[in-house]
Amino acid sequence: MTKKIAILCAGGTGGHLFPAEALAHELNARGWTVHLATDRRAARFAGYFPAAGVHAIDAATFGSRNPVAMLRSLVTIWRGFRQASALMGRLKPSVVVGFGGYPTLPPLYAATRRGVPSIIHEQNAVMGRANRALAPRVKAIAGGFLKAQGPHAAKIAETGNPVRRAVLDVADTAYEAPAAGGRLRLLVFGGSQGARFFSDVFPEAVALLPAPLRSRLDIVQQARPEDEARARERYRDLGVEAEVSPFFSDLPARMAAAHLVVSRSGASTVLELSIIGRPSILVPLPHALDDDQGRNAQLLVDAGAALIRRQAEITAEDLAGDLGEFLEDGTRLKEMALAAKTVGRPGATKLLADLTEAIASGRSIDEFKRGAGA
């Protein structure tokens, strides 16, 4: 029997690694041997990844217009392609699956050059630049929040976004609306790139709340290390119970315990809000070329599960008004929590694994769609 080998390509951020990790667990359970191709930065943190091997591939992005920097990027990408091509020749995978971001470019390009059946997974509601570059070359595109429309619609199967185990473990935690006069649990986080805004604005919004409401708050907030002490001291001055930390290893459990979440709207965050089912105020990360976080947030807004606020326009006064309105209306919060559940697809990991096996076996994307209803 031919050994089934899959190479998953993900790097850069947890947002790319989480769905790859979920798929790896599912493929392992189905008897596949899984390898991870990632960039050198992520390889240092991939010890938990359920793979037979973790392979660091050189990669670079074209973030600078400086000709010297661009030349260096080209050389790095070429070196990464050569490394990835050698990896393909050595492992002889049955399928290669990429999860977006520039670290996927060298291995996916090498795989498609060798004729290896290949898939890309797009988490967001709009396709990122790396995946747009790879889309014409691959056999199938798995859409997390991406719909089967546009120039590559025929290749897109709407599988949903794979969910990590820690999220599924708390997905059935029922939402309990805050009791009249009881504690109000808020979770505030912004990811590595977006937490500073919340450290600056959120404590000041809390300061503007009526004292009786402020005294009922229990806040869990992520802050960058350089902002942690400042945010904690501000809450202490306000007499507010607050746990402030740069990182929470149990963030899904914290989300399940929250009455209201205030956060950015990356694909992983929107997914977890929808699977666990929690109301939210979402502030998309600004300056993104394609406003991917804004489009992700709109999915929850359209379902009646979230409020979207744009960073360039929001003030502490605005945020205080939103908090006061939500926290005094437990019925509305519960309705939003239920609405969030209509957005997620808890079976996404299994469906993506089914697509992976279908493409590896030579089935067409049309055959898969007819069989899976994707």
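What comes next is a walk through the structure.

So, how was this worked out
- Residues numbered from 1 in each chain as written.
- Predicted model: local features only at pLDDT ≥ 70, side-chain atom pairs only at ≥ 80, totals over all residues.
- Heavy atoms only, no water.
- Helix = DSSP H or I, 4+ residues; strand = E, 2+ residues; numbered from the N terminus.
- Rg over C-alpha atoms; globule rule 2.2 N^0.38 Å.
- Contact = heavy atoms within 4.5 Å.
- Areas by Shrake-Rupley, 256 points an atom, 1.4 Å probe, with all protein chains shown as cover.
- Lys, Arg positive; Asp, Glu negative; His and termini not counted.
- Charge placed at Lys NZ, Arg CZ, Asp CG, Glu CD.
- Pairing = 2+ DSSP bridges.
- Axes fitted to C-alpha atoms, helices over the stretch in contact; angles between N-to-C directions.
- 1 Å grid on protein atoms, 1.4 Å probe; cavity = no way out; pocket = protein on both sides within 12 Å on 5 of 7 lines; lining within 4 Å.
- Points joined across faces, edges and corners; volume = space filled by probe spheres on them.
- Buried < 20%, exposed > 50% of the residue type's maximum accessible area, 1.4 Å probe, protein only.
- Right-handed = clockwise from strand over helix to strand, strands pointing away.
- Arc of directions from axis to C-beta.
- Phe/Tyr/Trp six-rings, centres within 6.5 Å; stacked < 30°, edge-to-face > 60°.
- Core = buried A, V, L, I, M, F, W, Y, C linked by side-chain atoms within 4.5 Å.
- Patch = residues over 30% accessible without salt bridge, like charges linked within 9 Å, V, L, I, M, F, W, Y side chains within 5 Å.
- Salt bridge = Lys/Arg side-chain N within 4 Å of Asp/Glu carboxyl O.

Looking at the overall build of the protein
A count of helical and extended segments in the protein gives 16 helices and 13 strands. The C-alpha atoms of the protein give 22 Å as radius of gyration, which agrees with the globular expectation for 374 residues (21 Å, within 12%). Along the longest, intermediate and shortest principal axes, the C-alpha atoms of the protein span 65 × 50 × 35 Å. In the protein, once contacts between residues fewer than 6 apart in sequence are set aside, the share between residues at least 24 apart is 64%. For the protein, the computed accessible surface area is about 16,400 Å², with 52% contributed by carbon and sulfur atoms. Averaging the coordinates of the 46 positive side-chain charges in the protein and doing the same for the 37 negative ones gives two points 11 Å apart.

A short note on the sheet that holds strand E2 (residues 33–38)
Read from one edge of the open sheet, seven strands run E3-E2-E1-E4-E5-E6-E7, paired in parallel fashion. In the strand order of this sheet, the two ends are held by strand E3 (53–56) and strand E7 (156–157), each with one partner. Sitting on the sheet, helix H15 (residues 348–360) touches strand E4 (95–98), strand E5 (118–122), strand E6 (140–143) and E7, and the angle it makes with E5 is about 160°.

Observations regarding the layout of surface pockets
Gaps left between atoms are located by rolling a probe of water-molecule size over the structure's atoms. Taken as a whole, the second largest pocket spans an internal volume of roughly 250 Å³. As for the second largest pocket, its lining consists of Ala125, Val126, Met127, Arg132, Leu146, Lys147, Gln149, Gly150, Pro151, His152, Ile156 and Arg295.

Quick word on the environment of Phe198
Within the secondary structure, Phe198 sits in helix H7 (residues 191–207). Along the primary structure Phe198 and Gln221 are separated by 23 residues, whereas in three dimensions their C-alpha atoms are 8.6 Å apart.

So, unusual backbone geometry
Negative phi characterises most residues that are not glycine, and trans characterises most peptide bonds. Phi at Lys92 is positive, roughly 50°, even though this residue is not glycine. In this structure, Lys92 sits in the loop between helix H3 (67–91) and E4. Not every positive phi belongs to a glycine, and Asp291 is a case in point at roughly 50°. Along the chain, the position of Asp291 falls in the loop between strand E12 (280–282) and helix H12 (292–302). On the basis of relative accessibility, which here comes to 24%, the residue Asp291 falls in the partly exposed class.

Some details on the pairing of strand E11 (residues 260–263)
Covered by surrounding structure in E11 are Leu260 and Val262 together with Val261 and Ser263, the residues of both alternating faces. Across four bridges, strand E8 (residues 184–189) lies against E11 in parallel orientation. Considered in E11, the bridge of Leu187 is made with Val261. Pairing of E11 with E12, which is carried by three bridges, proceeds in the parallel orientation. By the bridge assignment, Ser263 is partnered in E12 with Leu282. Chirality of the crossover, the property in question, places the unit of E11, helix H11 (residues 267–276) and E12 among those that are right-handed.

A look at helix H14 (residues 330–340)
Among the residues of H14, Gly330, Leu333, Met336, Ala337, Ala339 and Ala340 are the ones counted as buried. Buried residues in H14 make contact with E11, H11, E12, H12, strand E13 (306–308) and helix H13 (316–327).

Some words on helix H16 (residues 365–372)
When H16 is considered as a whole, its buried residues turn out to be Ile365, Phe368 and Lys369. For H16, the angular spread of the buried residues around the axis is 100°, confining them to a single face. The exposed residues of H16 that point more than 90 degrees off its buried face are Arg370 and Gly371. On its buried side, H16 packs onto E6, E7 and H15.

Brief notes about the packing of aromatic side chains
Enumeration over the complete set of coordinates arrives at three aromatic pairs. Centre to centre, the rings of Phe197 and Phe198 are 5.5 Å apart; their planes meet at 65°, and the pair counts as edge-to-face. An aromatic cluster of at least three residues, connected via ring pairs, comprises Trp78, Phe81 and Tyr109.

Section: the nonpolar core
Ranked by size, the top nonpolar core spans 34 residues in total, and within it Phe202, Leu217, Ile219 and Leu323 carry the most contacts. Within the second largest apolar cluster, 28 residues are counted, among which are Ala258, Ile275, Ala297 and Leu300.

Section: the side chain of Ser268
Positionally, Ser268 belongs in helix H11. Residue classification places Ser268 among the buried residues on the basis of a relative accessible area of 18%. Those residues in contact with Ser268 that sit more than four places away from it in its chain are Gly15, Phe18 and Gln123.

Remarks on a nonpolar patch on the surface
Together, Leu71, Leu74 and Val75 line one region of the surface with nonpolar side chains, adding up to about 280 Å² of accessible area. Mapped onto the elements of the fold, Leu74 is located in helix H3.

What to know about the sheet that holds strand E9 (residues 217–222)
If you trace the six strands from one edge of the open sheet to the other, you get E10-E9-E8-E11-E12-E13, paired in parallel fashion. Strands with a single pairing partner mark the edges of an open sheet, and in this sheet they are strand E10 (241–245) and E13. Each adjacent strand pair in this sheet contributes to an overall mean axis angle of 15°, direction not counted. Here E9 runs beside E10; their pairing, made up of five bridges, is parallel. Paired with Gln221 across the strands is Val244, a residue of E10. The strands that helix H9 (residues 225–238) touches are E9 and E10; relative to E10, the one it contacts most, it runs at about 180°.

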